[in-house]
Amino acid sequence: ASIKINKNPIKNYTQKFSKKIIMVHKIMVMLYYFVYFVLMFTIRSCKGKVQLPKNFVVKAIFAFGDSIVDQGNNNYISTMGKCNFRPYGKDFNGGIPTGRFSNGKTSPDLLVEELGIKELLPAYLDSNLKSEDFKTGVSFASGGCGFDPLTSIIASALSLSTQLNQFKEYIGKLEELVGEEEANYILKNSLFLVVAGSDDLANTYFTLGGRLKHDINSYTDLMVVKATEFLQELYNLGARKIGIFGIPPIGCLPSQRALAGGLHRVCSEEYNEAAQMANTKFSTEIGSLSKKLAQSKLVFIDIYNTFLDLIVNPKKYGFEEVEKGCCGTGTIEAIILCNEFSGICEDDTKYLLWDSYHPTEKGYKILVDEILKKYINYFL
């Protein structure tokens, strides 16, 4: 039998080795792209849950107003309107009471998270505020504040004019940090939230009778005038995208049911009608003001109907209790009345409201999701 002799064993070996190298190289390239796409997907997933248009940038969020967006500013002023004690914050980062009026995160926290800006929105007066927070937003809000200056005086809260002065102070600090040009860019590409009016009606007008010379029509006119003045000043300081939240059906809040709902604690129609009257006037005035202020996006955010739907159709949203808060009896407990001796409900995820006035984290989450779906495109 003939024997085949490999005349060039080195060449053949090199060819086989080269083929293996090429194959390994192809596998490495495929692995590289696989890892790359996985990482890119992961990174994009961390940027936020809301898919924003490419030309729409949200650099920061700033909040002004009352307890709904107070992230702890009242901790640093002399007022009874504090909640930096248990059981507030029981579901916040391991059970830390921070001055947020809820069991956990509030609407500003959820908004910055949804938009991929950061995890939490801090209070401007927070002693642990970091320089990075100046670039991505803070809250100037104070529990007890209203459009009516008298409301803030009664509650010993930071008035809207004081919050504006703090915002001016903030702008100076931001310019020192990033320069005037970058500071202006941040402000023009940020969302400004204004949440007030509920305390004006529920506390100043109805409960305390602080404006006896006014009927509800003239009082809501006063609220609108003061709100318009505030929005104009906010615009003058560089704000361009401003969301003004309407007043919820305050007559259905547990505290107002207890005060004005009779023995059966029904929703107070008088209170709700006042909220609707104010909202109609706000919506009209904001639409008019938006046309006057160049390059502005002033958006009235109707919270009334969204909140009312949660109350009327609780099972649709996974709630079992919407007439009482989780804290204590759920009828009157709020701020100092909601404390470590009050007791709390067994499962706050079944409750729309945490105390007699403020939503649970779950309640806020549903409201924020609905708001983003309905209104984010209005800021484009």
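None of the values given here were measured: they were computed from a predicted structure.

Colleague: How do you make sense of the pairing of strand β2 (residues 191-195) when you look at a structure like this?
Modeller: In regular strands, side chains alternate between the two faces of the sheet. Among the 5 residues that make up β2, 5 are buried, leaving the element largely enclosed by the rest of the structure. What you see with β2 is no split at all: L191, L193 and V195 on one side and F192 and V194 on the other are buried throughout. The pairing of strand β1 (residues 61-65) with β2 spans 5 bridges and is parallel. The partner of I61 across the bridge, within β2, is L191. Relative to strand β3 (residues 241-245), β2 runs parallel, the two being bridged by 5 bridges. When the bridges of β3 are listed, L193 appears paired with G243.

Colleague: How should the confidence of the model for the chain be read in this particular structure?
Modeller: Close inspection of predicted coordinates is inappropriate for parts of the model with low pLDDT. Here the chain shows a mean pLDDT of 90. Residues at 70 or above account for 87%. In this model residues 24-46 is a low-confidence stretch, pLDDT under 50, and it forms 0 contacts with partners more than four residues away in sequence or in other chains.

Colleague: Explain a negative patch on the surface to me, please; I cannot follow it from the model alone.
Modeller: Together, E175, E176, E180, E181 and E182 give the surface a local cluster of negative charge. Every element with two or more residues in the negative patch is listed here: α5 (160-178) and α6 (180-188). For the negative patch, the element with the highest residue contribution is α6, accounting for 3 residues. Inspection of the secondary structure assignment puts E175 in helix α5. Judged by relative accessible area, E175 falls into the partly exposed class, the value being 30%.

Colleague: Help me out: how do you make sense of the pattern of salt bridges in this one?
Modeller: Any two side chains of opposite charge can pair, so long as their charged atoms come close to each other. All chains considered together, the criterion is met by 15 salt bridges. Among the salt bridges present, the one from D309 reaches K316, with a minimum N-O distance of 3.0 Å. The salt bridge involving K373 is made with E370; its shortest N-O contact spans 3.3 Å. Of this pair, K373 and E370 both sit in helix α12 (residues 361-375), 3 residues apart, which is roughly one turn of that helix. On the basis of relative accessible area, E370 is assigned to the buried category, the value being 19%. Bridged by salt links that share partners, the residues K90, D91 and D348 form one connected network.

Colleague: Explain helix α2 (residues 107-114) here, please?
Modeller: Each full turn of the α-helix corresponds to 3.6 residues, which orients residues three or four apart in the same direction. Judged by how many residues are buried, α2 sits mostly within the fold: 7 of 8 residues are covered. Within the sequence span of α2, burial applies to S107, P108, D109, L110, L111, V112 and E114. For α2, the elements touching its buried residues are β1, β2 and α12. Where α2 terminates, the next one or two residues include G116, which has phi positive at roughly 75°.

Colleague: I'm lost on empty space enclosed by the protein in this one. Help?
Modeller: To find leftover empty space, one rolls a probe the size of a water molecule over the atoms. The tally for this structure, following the rule as stated, stands at 2 cavities of 30 Å³ or more. Here the largest cavity is characterised by a volume of approximately 340 Å³. Along the walls of the largest cavity sit 25 residues, with I68, V195, P248, I303 and Y364 positioned nearest its centre. Looking at which element gives the most residues to the lining of the largest cavity, the answer is α12, with 4 residues.

Colleague: Just to check I follow, could you spell out the packing of aromatic side chains for this structure?
Modeller: Centre-to-centre distance and the angle between the planes together describe a pair of aromatic rings. Taken as a whole and assessed by the stated rule, the structure comprises 20 aromatic pairs. A ring pair is formed by Y88 and W354, whose centres lie 6.3 Å apart and whose planes are at 70°; its orientation type is edge-to-face. Taken as a pair, Y88 in the loop between β1 and α2 and W354 in the loop between β6 (351-353) and α12 lie far apart in primary sequence, 266 residues in all. The pair formed by Y88 and W354 is uniform in burial state, with each residue classed as buried. Chaining the aromatic ring pairs together yields one cluster made of F62, F64, Y124, F134, F140, F167, Y170, F192 and F230. Sitting over the ring of Y235, R240 keeps its end group 3.9 Å from the ring centre. Across from the ring centre of F319, 4.8 Å away, lies the NZ or CZ of K362, which sits over that ring.

Rules used throughout
- Numbering of residues begins from 1 in every chain and follows the order in which that chain's sequence is written.
- Only residues with pLDDT of 70 or above have their local features reported here, since the model is predicted, and side-chain atom pairs are shown and tallied only from 80 upward, although totals for entire chains, interfaces and linings are computed over all residues.
- Side-chain numbers come from the whole structure's heavy atoms, not from hydrogens or water.
- Remark: exposure states derive from per-residue accessible area (1.4 Å probe, protein chains only) relative to the maximum for the residue type, with buried under 20%, exposed over 50%, and partly exposed in between.
- Only DSSP runs of H or I covering at least 4 residues are called helices, and only runs of E covering at least 2 are called strands; the numbering of each starts at the N terminus.
- Pairing between strands is defined by DSSP: at least two bridges between them are needed.
- By definition, pLDDT measures how confident the predictor is in each residue, and it falls between 0 and 100.
- The contact criterion used throughout is that any non-hydrogen atoms of two residues lie within 4.5 Å.
- Only residues whose relative accessible area exceeds 30% and that form no salt bridge enter a patch; like-charged residues are grouped when within 9 Å of one another, and nonpolar side chains (Val, Leu, Ile, Met, Phe, Trp, Tyr) when within 5 Å.
- Where accessible areas are quoted, they stem from the Shrake-Rupley method and a 1.4 Å probe; at the residue level, only the protein chains shown are allowed to cover.
- A pairing counts as a salt bridge when a side-chain nitrogen of Lys or Arg comes within 4 Å of a carboxyl oxygen of Asp or Glu.
- Counted as positive: Lys and Arg. Counted as negative: Asp and Glu, with His and the chain ends omitted from the count.
- Just so you know, the charge point we use is NZ for Lys, CZ for Arg, CG for Asp and CD for Glu.
- In this analysis, the protein atoms alone were mapped onto a 1 Å grid. Cavities are point sets where a 1.4 Å probe fits without being able to get out; pockets are open sets with protein on both sides within 12 Å along at least five of seven lines; lining residues have an atom within 4 Å of a point.
- Grid points are joined across faces, edges and corners, and a volume is the space filled by probe spheres set on the points.
- Aromatic contacts are taken between Phe, Tyr and Trp rings whose centres are within 6.5 Å, Trp giving its six-membered ring; a plane angle under 30 degrees counts as stacked, one over 60 as edge-to-face, and the others as tilted.
- In our convention, an over-ring charge means Lys NZ or Arg CZ found within 6 Å of a ring centre and within 35 degrees of that ring's normal.

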